[in-house]
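Here are the chains, one letter per residue:
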Amino acid sequence: MSGLTIAGKTFASRLLIGSARFPNPQTMMQAIEASGAEIVTVAIRRINLADKSSESILQYLNPQKHFLLPNTAGCYTAKDAVLTAQLAREALETNWVKLEVIGDDETLFPDVVELLKAAEQLIADGFTVLAYCNDDVITCRKLRDVGCAAVMPLASPIGSGMGIRNPYNLQIIREVLSDVPLIIDAGIGTASDAAIAMELGYDGVLLNTAISQAQHPVQMATAMKLAVEAGRLAFEAGRIPRKLYATASSPMEGVINT
């Protein structure tokens, strides 16, 4: 199985994992290890970058082993998202950012206008932008066109665990945007959701709550790793066509007459 390539950088794992809401840092690290994920997202607005104590999440993540991907979670305007990304670039010495610009507290759906504005500004400022967005082909295409390194449509609302609610939209997005990495982000609840995302031809899956809030996070991390691998292999293998009627698995030619 080939790796995930974004902006010229290749990762062996196609699973990206968040670092929030784990019961404790030890469980977080064990889950990250079990998942095999190399890219770990960090919510910049929810951590103290100046905190060098043993309680800081950054003390547990090794930049030599984990590719830290700061995100702009908690931002509601393009201005806030751009400032947050610039702060992350200075503190973590990376120009990569997972861009989130949220529209409201209830749905946590993206604000498309502010998202596109922020993406344009960040790309002009030299950032490598991975943009979280709705499962809307027009929005995804616009994000691709402004130069996002990856486009990340949601499966269902953030943290809902509802899984993939609109596979038809996601399939259309994959067919229309064949020239940019696509990563399912938000809503994954269990391993079968991740497998379906990969079977649709997506390049990767980013999740957090499905692992961090599972009854056994480390076990779920292992399940997600295997699901992403299995889903990708199934996509590459090419499934049989769907048919309305049965087709005998054994050929009828040469059958002995009785």
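Computed from a predicted structure; not experimentally measured.

**Overview of the overall build of the protein chain**
For step 1, the next point in the chain: Counting its secondary structure elements, the protein chain contains eight helices and ten strands.
For step 2, the next point in the chain: Over its C-alpha atoms the protein chain spans a radius of gyration of 20 Å, differing by no more than 12% from the 18 Å that the globule rule assigns to 258 residues.
For step 3, the next point in the chain: Overall, the C-alpha framework of the protein chain stretches about 85 × 40 × 35 Å when taken along its three principal axes.
For step 4, the next point in the chain: The buried share of the protein chain, reckoned over its 258 residues, is 47%.

**Points about helix α4 (residues 137-146)**
For step 1, the next point in the chain: Along α4, the residues that are buried comprise T139, C140 and L143. Each buried residue of α4 sits inside an arc of 100° when the element is viewed along its axis, so together they form one side.
For step 2, the next point in the chain: If you follow the buried residues of α4, they end up packed against α3 (112-124), β7 (128-133), β8 (150-153) and α5 (167-176).
For step 3, the next point in the chain: Structurally, the start of α4 carries an N-cap: the backbone nitrogen of I138 is 3.2 Å from a side-chain oxygen of D136.
For step 4, the next point in the chain: A positive phi of about 110° marks G147, the residue just after α4.

**Observations regarding the packing of aromatic side chains**
For step 1, the next point in the chain: In total, this model carries three aromatic pairs according to the counting rule given.
For step 2, the next point in the chain: Summarising the aromatic geometry, the rings of F11 and W96 are spaced 6.2 Å apart at their centres and angled 85° between planes, so their arrangement reads as edge-to-face. Of the two residues, F11 sits in strand β2 (residues 9-11) while W96 sits in strand β6 (residues 96-99), which places them 85 residues apart along the sequence. Comparing F11 with W96, the two get one shared label, buried.
For step 3, the next point in the chain: On the basis of relative accessible area, W96 is assigned to the buried category, the value being 9%.
For step 4, the next point in the chain: Cluster of aromatic residues (ring-pair linked, three or more members): F11, F67 and W96.
For step 5, the next point in the chain: Taking NZ or CZ as reference, K98 lies 5.7 Å from the ring centre of Y132, over its face.

About the criteria used
Residues numbered from 1 in each chain as written. Predicted model: local features only at pLDDT ≥ 70, side-chain atom pairs only at ≥ 80, totals over all residues. Heavy atoms only, no water. Helix = DSSP H or I, 4+ residues; strand = E, 2+ residues; numbered from the N terminus. Rg over C-alpha atoms; globule rule 2.2 N^0.38 Å. Buried < 20%, exposed > 50% of the residue type's maximum accessible area, 1.4 Å probe, protein only. Arc of directions from axis to C-beta. Contact = heavy atoms within 4.5 Å. Polar contact = N/O pair within 3.5 Å; in protein donor to acceptor, adjacent residues only side chain to side chain. Phe/Tyr/Trp six-rings, centres within 6.5 Å; stacked < 30°, edge-to-face > 60°. Lys NZ or Arg CZ within 6 Å of the ring centre and 35° of its normal.

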